[in-house]
Amino acid sequence: MGQELNPPNPSPDTASLVKRLAGPSTTKAGLAKDQSEINRIIAEASKGSKFYDNEKRKDKELTERINKILKQRDDARQGVDISQIEKSTDHTLDQLESHRDLSQVIVHVDMDAFYANVELLHNPELKGKPFGVGAGVLSTASYDARKYGVRSGMPGFIAKKLCPELILVNINFTRYQEMSDKVMDIFRRYDPNMLAAGCDEGYLNITAYCEEHNLDPQACVQEMRAFVHKETNLTVSAGIAPNKNKPNGQFYLPFDRESIKSFMQDLPIRRIPGVGRVNERLLDAIGIKTCGDIYTHRATLSLMDKQFGLQFLLRIHLGIASNVVEPGKREERKIASAKVHFRTFSTLSDRQQILNKLEEVAAELEDDTERNGWTGKTVTLKYKLNTYQVYTRAKSFDRWISTKKDDLLAVCHHLWQYHLLLLVFLIFIIYRSARNFCQAILCQLG
DNA sequence: TACATACAC
DNA sequence: AATGGTGTATGTA
């Protein structure tokens, strides 16, 4: 009956598209029972949207890129002595192995569902209930929500489809920052040089602490985690290893070559920091799913060093990473930005409306930079079309730029060009190399 | 330098 | 109806 209304033979979603739509953090906290059913629901909810079309386009582009790479691989392997290449790669591996340093005790600490657990402390009524933190897109999901497949980075309306009783809690960043400060202070007792990575995780070198207090690493970390719990009521997971490649959750990796090797053998390559969704697919295409697979395909990787980065992957295979922990310089702010969102408008007739919006953004940025004393040397105009395609247009100067709205607008007009006539739904203006205005004010433009 | 892409959190 | 913000690194031209 109504079937004629549907488009004939809608092409089925490819596995890669379904996975892409499910978002980047599917492999992270896989507490859900049936991920494929969850992915199906997400793909279904996305279907027909501009967002979906854009993801489909990107997926297709990646597939084409993969096909190109496979062809390159086949060409590269023609008429070369594979065993010779393997031999030379083995030599590189031996070199790397000979420099392995097992002397440092590195701990990766990660607060469990940080935002969600802070909210739980604040509002105990949420206990046992599925909830997400954030509006629009979720910053995190409680453990009870994760059971349904709800994850960080997921739009609220899709999360609601997966879990209709989901509660949405507004984000309270100052609350998390406060708790983060407390937790980090505890970590610093064990390593004053620790590296804070975001507000809920970090890396520590506890070698010296263990020595001075005559503690073995596991007892030391146990004690540290107990302090965190006692002083903040929050829980923290930790991985202990001879370097910074984090295992997962709460884990002690024995400090010998064989244990590390067998740990890496079946570890999915996606779990390595720096291997995201794209590299996962590229590597999968040439047969690499786990860190162990790197060795099997070392000849191909060696021939295609430029595409894949041989050294990077060989180090991953061996489980060798940096074991230097530094606090990370407290840098100056680099970017000041403002944005405006808009939805419904038409193309040509609303040129003036777009210009008005642009002016709005410029005014907002002027306000922010004047108030906080920032300026910069590059103006970046970033805009998203209603197709979700993102464009950036930038102009750099050799002097500090005036933060006056009209000066900003002048630069933006110069950058804007023909997209003025298109459907735009998001505009950013960004100052790059933002510097404190007080220091820069003397050399700013007219 | 300009721009795009990939990634992390 | 509806799919993030901020920052870094890197490749390419």
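Residues numbered from 1 in each chain as written. Chains lettered and ligands numbered in written order. Predicted model: local features only at pLDDT ≥ 70, side-chain atom pairs only at ≥ 80, totals over all residues. Heavy atoms only, no water.

### Re the domain arrangement of chain A
Under the convention used in this document: Residue ranges for the domains originate in an automatic or database domain assignment. Residue contacts are counted whenever heavy atoms from the two residues lie within 4.5 Å of one another. For any pair of parts, buried area is found by adding up, for both, the accessible area (1.4 Å probe) each one loses once the two are put together. Between Lys or Arg on one side and Asp or Glu on the other, a salt bridge is scored when a side-chain nitrogen of the former is within 4 Å of a carboxyl oxygen of the latter. Two N or O atoms count as a polar contact when they lie within 3.5 Å, although within protein this holds only if one can serve as hydrogen donor and the other as acceptor, and sequence-adjacent residues are included solely when both atoms are side-chain atoms. Throughout, the ten residues Ala, Val, Leu, Ile, Met, Phe, Trp, Tyr, Cys and Pro are labelled nonpolar, Asp, Glu, Lys and Arg are labelled charged, and all others, Gly among them, are labelled polar.
What the domain assignment reports for chain A is domain 1 (12-56), domain 2 (57-100 + 268-312), domain 3 (106-241) and domain 4 (331-445). With twelve residues of domain 1 at the interface, the matching set in domain 3 holds twelve residues. Regarding the contact of domain 1 and domain 3, the summed buried area is about 950 Å², with carbon and sulfur atoms giving 67% of it. Along the contact surface separating domain 1 from domain 3 lie zero salt bridges. At the boundary of domain 1 and domain 3, one finds two residue pairs in polar contact (both at pLDDT 80 or more). Each residue belonging to the side of domain 1 that touches domain 3 can be placed in one class, and the counts come to eight nonpolar, four polar and no charged.

### A short note on the layout of surface pockets
Formally: Using only the protein atoms, space was sampled on a 1 Å grid; points where a 1.4 Å probe fits but cannot get out form cavities, open sets with protein on both sides within 12 Å along at least five of seven lines form pockets, and lining residues are those with an atom within 4 Å of a point. Grid points are joined across faces, edges and corners, and a volume is the space filled by probe spheres set on the points. We count a stretch as a helix when DSSP gives it H or I for four or more residues in a row; a strand needs E for two or more, and each element gets its number in order from the N terminus.
Volume-wise, the second largest pocket comes out at about 650 Å³. Taken together, 26 residues form the lining of the second largest pocket, with Phe51, Val137, Gly153, Met154 and Pro155 sitting closest to its centre. For the lining of the second largest pocket, the elements supplying multiple residues, two or more each, are α1 (15-21), α2 (35-46), α3 (50-77) and α7 (156-162). Looking at the lining of the second largest pocket element by element, the count peaks at four residues for α3. Taken together, the residues of the lining of the second largest pocket break down into twelve nonpolar, eight polar and six charged. The residues that make up the lining of the second largest pocket include at least three from each of domain 1 (12-56) and domain 3 (106-241).

### Brief notes about the packing of aromatic side chains
Rule in force here: Put simply, two rings from Phe, Tyr or Trp (the six-membered ring, in Trp's case) pair if the centres are within 6.5 Å, and we call them stacked under 30 degrees between planes, edge-to-face over 60, tilted for the rest. Any residue under 20% of the maximum accessible area for its type is buried, any over 50% is exposed, and the rest in between are partly exposed; the area is computed with a 1.4 Å probe on protein chains only. Should the NZ of a Lys or the CZ of an Arg lie within 6 Å of a ring centre and within 35 degrees of the ring normal, that charge is described as sitting over the ring.
A full pass over the atoms with the stated rule returns nine aromatic pairs. Judged by centre distance (6.1 Å) and plane angle (55°), the rings of phenylalanine 114 and tyrosine 115 are tilted. With respect to class, phenylalanine 114 is no different from tyrosine 115; both count as buried. Between phenylalanine 173 and tyrosine 176, the ring centres sit 6.4 Å apart and the planes meet at 90°, which makes this aromatic pair edge-to-face. Of this pair, phenylalanine 173 and tyrosine 176 both sit in helix α8 (residues 173-190), three residues apart, roughly one helical turn. When the ring centre of tryptophan 400 is taken as origin, the NZ or CZ atom of lysine 377, which lies over that ring, is 4.8 Å away.

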